[in-house]
Number of protein chains: 2
Amino acid sequence: MDQININTIPEPILKLVQEFSKLPGIGKKTAQRLTYYLIRTNFDDALSLSESIMAVKNNIILCSECSNITQIDPCNICNDPIRDKTRICVVEEALDVLALEKTGIYKGLYHVLHGVISPVNGIGPEDIKINKLIERVNTLGFREIILAMNPNLEGEATSMYINQIFKNKEIIITRPARGIAIGSDIEYADEITLGQAISGRQKF
Amino acid sequence: MDQININTIPEPILKLVQEFSKLPGIGKKTAQRLTYYLIRTNFDDALSLSESIMAVKNNIILCSECSNITQIDPCNICNDPIRDKTRICVVEEALDVLALEKTGIYKGLYHVLHGVISPVNGIGPEDIKINKLIERVNTLGFREIILAMNPNLEGEATSMYINQIFKNKEIIITRPARGIAIGSDIEYADEITLGQAISGRQKF
């Protein structure tokens, strides 16, 4: 693999393969395929991709309220007069806001932490937007905080940390129900999910 | 999925997701993940990716000899005095040259067709670089033509078409051996591969 005569590959190609490889989930083979695709594609398509990347970097900021990504500050969600301002849903990253918005069920505000507490990776509460969350909760007086972190070790730890901070206040702290995913097979559900689905069983 | 309130997603993000989605093998979810990654990453990394795309589009051309992608014309392989100029290996696309070069086994020249004959997709011999191949073979007088198309219907049809053109000339026409891949299981090999491996068995 590394024995290849580097002279046979033009430098701009090597560079673009390397840049694509930096993206999450893109290995070397995929990076090569994307690069060679861009060589074949027409100039305007490549230009459009290149410019779109910079348009995002130049125009997207974090909302000074909820830290969600936005073009205007405060963001459209924080600014929306019809959103329920008594609830705040705490998520790990901006993509989670997108996923929750797609359900059309939740109408409250958000707070994007931009990470989770992870001692293994040296990420403490001060490295993510928890202080800002405490500040918002203290000033705005929500009725409910929904902790919608990913259901894994770090997500749980972060939820527990936040729960600890607010548990003596008069705020309901909830999290999304855990259970069997729609369309999945009970037979194939992992034990923890199935256990939580049974113990949290709902009235039919 | 399409019910999402479009106002909550800034336009530059929608645009970049759309641009990423055009790339081969990148679905909508992956495009979103890449976009949100670029939002989080530092400015210079994004700039580097954006510029690398345009560097490829602005600096990479096709070699006027072999049609491989290159920065200089003729390309480094065609220009290399120590390559074996009596052999030419015909491949579908530039990535195949890369794969073959990585083996370090083949020392001859290449010819990149930039496609295969595919009547279903309306691609005939005149749409790929077959005429240029005929011209090269007639002028340069190779001893061997290796037909290294992908082993599928269209690759086979293209190989047969090229074989037909040159079969009455004094040129050896070969193709890479078909057989069981290293590291694979005979048990799981498909019938056609296994059949070709048996009928083309080699002396131990």
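For every chain, the first residue of the written sequence is number 1, and numbering continues from 1 onward in sequence order. A letter from A marks each chain and a number from 1 marks each ligand, given out in the order of writing. Side-chain atom pairs in this predicted model are given and counted only at pLDDT of 80 or more, local residue features only at pLDDT of at least 70, and totals for whole chains, interfaces and linings cover all residues.

Participant: Before we move on, can you summarise the overall build of chain A with the specific residues and values?
Facilitator: Runs of H or I in DSSP of at least four residues are treated as helices and runs of E of at least two as strands, each being numbered from the N terminus. Scanning chain A for helices and strands turns up eight helices and six strands. Reading chain A from its N end, one meets helices and strands in the order α-α-α-β-β-α-β-α-β-α-β-α-β-α. The reference for a compact globule is 2.2 Å times residues^0.38; the radius of gyration itself is calculated from the C-alpha atoms. In summary, chain A has a C-alpha radius of gyration of 22 Å against a globular reference of 17 Å for 204 residues, an excess of more than 25%. Neighbour density around each residue's C-beta defines its exposure: 20 or more other C-beta atoms within 10 Å make it buried, 12 or fewer make it exposed, and counts between make it partly exposed, where C-beta atoms are placed from the backbone. Across the 204 residues that make up chain A, the buried fraction comes to 29%. Contact between two residues is assigned whenever their backbone-derived C-beta positions fall within 7 Å. Here the contacts in chain A between residues at least 6 apart in sequence split such that 42% fall between residues at least 24 apart.

Participant: How would you sum up the interface of chain A and chain B? Please name residues and give values.
Facilitator: Each side of the interface is counted separately: chain A has 53 residues, and chain B has 53 residues. Of all the secondary-structure elements, those providing two or more residues to the side of chain A that touches chain B are helix 1 (11-21), helix 2 (28-40), helix 3 (43-59), strand 2 (69-70), helix 4 (76-79) and helix 5 (94-103) of chain A. The element best represented in the side of chain A that touches chain B is helix 3 of chain A, accounting for 14 residues. Gly is put with the polar residues, along with every residue not named as nonpolar or charged; the nonpolar set is Ala, Val, Leu, Ile, Met, Phe, Trp, Tyr, Cys and Pro, and the charged set is Asp, Glu, Lys and Arg. Considering only residue class, the side of chain A that touches chain B consists of 28 nonpolar, 16 polar and nine charged.

Participant: Describe in detail the domain arrangement of chain A, supporting the description with residues and values.
Facilitator: Often, the extent of an interface is quoted as the loss of accessible area upon association of its parts. All the domain ranges listed were derived from an automatic or database domain assignment. Its domain assignment divides chain A into domain 1 (11-59) and domain 2 (62-203). On a C-alpha basis, the centres of domain 1 of chain A and domain 2 of chain A stand 33 Å from each other.

Participant: Before we move on, can you summarise the pairing of strand 3 (residues 84-91) of chain B with the specific residues and values?
Facilitator: All names here are of chain B. A pair of strands is treated as paired once DSSP finds two or more bridges between them. Pairing of strand 3 with strand 4 (residues 108-112) involves five bridges; the strand directions are parallel. Among the inter-strand pairings, V91 is bridged to a residue of strand 4, identified as V112. Between the parallel elements strand 3 and strand 4, the chain passes through helix 5 (residues 94-103) in a crossover that is right-handed. Pairing of strand 3 with strand 5 (residues 144-147), which is carried by four bridges, proceeds in the parallel orientation. Bridge assignment links R87 to a residue of strand 5, and that residue is E144. When the strands point away from the viewer, a crossover counts as right-handed if the route from the first strand across the helix to the second turns clockwise.

Participant: Please give an account of the relation of the copies chain A and chain B that cites residues and values.
Facilitator: For these two chains of identical sequence, chain A goes onto chain B by a turn of 179° and a shift of 0.0 Å along the axis, with RMSD 0.1 Å. The transformation relating the two chain copies, once decomposed into turn and shift, fits a two-fold axis. Judged by C-alpha distance, S50 of chain A is the residue of chain A that lies nearest the rotation axis, at 2.2 Å. Here the copies are superposed with least squares, the fitted atoms being C-alpha atoms of residues at a pLDDT of at least 70 in both.

Participant: Can you break down the nonpolar core residue by residue, with the values?
Facilitator: The biggest cluster of nonpolar side chains holds 84 residues, and the ones touching the most others in it are V90, V91 and Y110 of chain A together with V90, V91 and Y110 of chain B. For V91 of chain B, the contacting residues outside a window of four places in its chain are D96, V97, Y110, V112, L113 and A148 of chain B. When buried Ala, Val, Leu, Ile, Met, Phe, Trp, Tyr and Cys residues are joined through C-beta atoms within 7 Å, the set is termed a nonpolar core.

Participant: Can you break down unusual backbone geometry residue by residue, with the values?
Facilitator: Cis rather than trans, the peptide bond between D73 of chain A and P74 of chain A has omega equal to -5°. Unusually for a residue other than glycine, H114 of chain A sits at a positive phi of about 55°. When you line up the elements, H114 of chain A lands in the loop between strand 4 (108-112) and helix 6 (130-140). By C-beta crowding, H114 of chain A is classed as partly exposed, having 17 other C-beta atoms within 10 Å. In this structure, S67 of chain B takes a positive phi of about 65° despite not being glycine. Along the chain, the position of S67 of chain B falls in the loop between strand 1 (61-62) and strand 2 (69-70). Classification of S67 of chain B by C-beta neighbours within 10 Å gives buried; the count is 23.

Participant: Just give me the short version of helix 3 of chain A, but keep the residues and values in it.
Facilitator: The end-to-end C-alpha distance of helix 3 of chain A is 24 Å, a good match for the 24 Å that 17 residues give at a rise of 1.5 Å each. For helix 3 of chain A, the complete set of buried residues consists of A46, L49, S50, S52, I53, V56 and K57 of chain A. For helix 3 of chain A, the angular spread of the buried residues around the axis is 150°, confining them to a single face. Along helix 3 of chain A, the residues that are exposed and aim more than 90 degrees away from the buried face are F43, D44 and N58 of chain A. Buried positions along helix 3 of chain A lie against helix 2 of chain A together with helix 1 (11-21), helix 2 (28-40) and helix 3 (43-59) of chain B. Take the residue count of a helix, subtract one, and multiply by 1.5 Å to get its expected span. What the arc describes is the spread of directions from the helix axis to the C-beta atoms.

Participant: Can you tell me about the environment of A31 of chain A, naming the residues and giving the values?
Facilitator: Residue and element names in this part refer to chain A. Within the secondary structure, A31 is located in helix 2. Taking the C-beta count within 10 Å as the criterion, A31 has 18 such neighbours and is therefore assigned partly exposed. Among residues more than four places away in sequence, those in contact with A31 are V17, F20, S21 and I26.

Participant: With reference to specific residues and values, describe helix 5 of chain B.
Facilitator: Among the residues of helix 5 of chain B, those classed as buried are A94, D96 and V97 of chain B. Seen from one end, helix 5 of chain B has its buried residues packed into an arc of 150°, which puts them on one side. Contacts made by the buried residues of helix 5 of chain B are with helix 2 of chain A together with strand 2, strand 3 and strand 4 of chain B. With its phi angle positive at about 70°, G104 of chain B sits one or two positions after the end of helix 5 of chain B.

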